[in-house]
Amino acid sequence: MSELLITSPSNPRLKDVVALRKRRRRDELGLTLIEGYDELRLAVDAGVVPRQLLYCPELASAGAEVAQLVRESGERGAQIARLNRAAFEKIAYREGADGIVAVAALAGTALDDVATEDDSLILLAEGVEKPGNLGAMLRTADAAGVDAVVSADPVTDWGNPNVVRASKGTVFAVPVATAPTAETLAWLRARGVRLVAATPDTRTSYTDVDLTGAVAIAVGTEKEGLTGSVLDAADERVAIPMSGTANSLNVATSAAILLYEAVRQRR
């Protein structure tokens with residue numbers, strides 16, 4: 001396996017990598033960044049083949065594991081580049097870098113390509129703006145065995161490096177799609193998927209609703225919640241009881257509660 005050696009932080013290859021921090025560039029090229037051994041290991045295990053893999057042995061705390069991942073990626077066709085510390089710090093976008101960054105194809109598929117079954121469990125996240133929340137929901141979706149996560153009218157994108165990071169790489173393991181809200185609602189209706197909307201403006205507890213069968217659980221932004229179009233289209237509106245002074249829960253926390261109630265009922 002041949003590899004490049006890059007020692008200058010001004011190397012043009014590194015500038016191309018850094019440019020992928022911008023959404024416009026990610027959308028133009030259909031590429032994103034994966035930083036961190038754990039995230040990249042999960043992505044590769046999920047079938048991702050990096051286009052490029054850049055690593056710094058000096059920063060690789062999990063040296064043997066990183067070396068193995070570098071070999072695997074090179075054998076699958078990734079371009080490998082070994083960087084010194086100064087060069088790697090040019091492309092690292094998080095604190096405590098562990099010496100490995102990959103360039104890979106964006107996660108996501110067309111909504112019509114998302115398969116649904118009679119017992120599909122889908123998470124619909126409408127307008128979620130914070131990458132950390134979207135990433136956290138993906139981790140929960142992966143753990144709960146959710147069949148797909150749909151981002152409707154999104155503010156952030158699946159390729160945002162902070163989504164990838166917060167998801168611990170599960171954005172590449174869970175089927176994900178993006179679509180306008182209206183298209184998403186039509187897609188659910190056409191496939192006979194019931195829509196359960198989370199909102200504080202109901203007296204129906206989430207534990208009192210049937211979450212078995214083909215169901216999509218919808219959550220919205222923390223500030224505004226779900227739009228009227230989703231609430232109007234919902235087969236059920238459910239609330240998570242709250243006894244404190246706050247008027248809302250973190251959206252990723254709400255999604256986790258609702259998804260695991262669905263898991264409990266299905267078991």
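So, here is what we can say about the structure in this document. Residue numbers run consecutively from 1 along every chain, following the written order of its sequence. Local features in a predicted model are, by the rule used here, given only for residues with pLDDT of at least 70; side-chain atom pairs are given and counted only at 80 or more, and totals for whole chains, interfaces and linings are based on all residues. By convention in this description, side-chain values take in all heavy atoms of the structure and omit both hydrogens and water.

1. A word on the pairing of strand S2 (residues 31-35)
This is how the line gets drawn: Burial classes follow relative accessibility: with a 1.4 Å probe on protein chains only, a residue under 20% of its type's maximum area counts as buried, one over 50% as exposed, and anything between as partly exposed. Helix and strand labels come from DSSP, where a helix needs a run of H or I of at least four residues and a strand needs a run of E of at least two; each type is numbered from the N terminus. At least two DSSP bridges between two strands are needed for those strands to be called paired.
Within S2, 5 of the 5 residues are buried, which leaves it mostly tucked inside the rest of the structure. As defined by bridge partners, S2 adjoins strand S5 (residues 100-105) across 5 bridges and the pair is classed as antiparallel. In the sheet register, threonine 32 faces S5, and the bridge partner there is alanine 104.

2. A closer look at the side chain of threonine 181
So the rule is basically this: Each polar contact in these results corresponds to two N or O atoms within 3.5 Å; when the atoms are within protein, one needs to be able to donate a hydrogen and the other to accept it, and residues that are neighboring in sequence are counted only if both atoms are side-chain atoms. Only heavy atoms matter for contacts: two residues are in contact if any of them lie within 4.5 Å across the pair.
Here threonine 181 shows up in helix H8 (residues 181-190). Note on threonine 181: relative accessible area 6%, which makes it buried. For threonine 181, the side chain forms a polar contact with the side chain of glutamate 126, separated by 2.9 Å. Ignoring anything within four residues of it in the chain, the contact list for threonine 181 reads Glu126, Ala152, Asp153, Ser229 and Val230.

3. Description of the packing of helix H6 (residues 131-144) against helix H10 (residues 251-266)
Two quantities define a packed helix pair, namely the angle between the axes and the distance from one axis to the other. The line we're drawing: Between the N-to-C directions of two axes lies an angle of 0 to 180 degrees, each axis being a line fitted to C-alpha atoms and, for a helix, fitted only over the stretch in contact. Note that the term roughly parallel is reserved for angles under 35 degrees, roughly antiparallel for angles over 145, roughly perpendicular for angles of 65 to 115, and oblique for everything else. Two helices that cross are described as forming a left-handed crossing if the nearer one is turned anticlockwise from the farther one by less than a right angle, and a right-handed crossing if clockwise. Lys, Arg, Asp and Glu make up the charged group, whereas Ala, Val, Leu, Ile, Met, Phe, Trp, Tyr, Cys and Pro make up the nonpolar group; the residues left over, Gly among them, are polar.
Contact pair H6 / H10: the axes reach a minimum separation of 9 Å and the direction vectors enclose 15°. With respect to their mutual orientation, H6 and H10 come out roughly parallel. Viewed along their axes, H6 and H10 form a crossing whose handedness is right-handed. Residues Asn133, Ala136, Met137, Thr140, Ala141, Ala143 and Ala144 of H6 lie in contact with H10, whose contacting residues are Val251, Ala252, Ala255, Ala256, Leu259, Tyr260 and Val263. Its residues assigned to classes, the contact of H6 with H10 comprises 12 nonpolar, 2 polar and no charged.

4. Quick word on the pairing of strand S4 (residues 79-83)
Judged from the 3 bridges that link them, strand S1 (residues 4-6) and S4 form a sheet pairing that is parallel. Within the sheet, the bridge partner assigned to isoleucine 6 lies in S4 and is leucine 83. Alignment of strand S3 (residues 52-55) against S4, held across 4 bridges, turns out to be parallel. In the sheet register, leucine 53 faces S4, and the bridge partner there is isoleucine 80.

5. Some points on H8
In plain terms, the rule: Taking the helix axis as origin, the arc is that swept by the directions to the C-beta atoms.
For H8, the full list of buried residues reads Thr181, Thr184, Leu185, Trp187 and Leu188. Looking down the long axis of H8, one finds its buried residues gathered within 160° of arc, a one-sided arrangement. The outward face of H8, more than 90 degrees from its buried face, is lined by the exposed residues Ala182, Arg189 and Ala190. Buried residues belonging to H8 abut strand S6 (121-126), strand S7 (148-152), strand S8 (176-179), strand S9 (194-198), strand S10 (215-219) and helix H9 (228-233). Following H8 by one or two positions, glycine 192 adopts a phi angle in the positive range, close to 65°.

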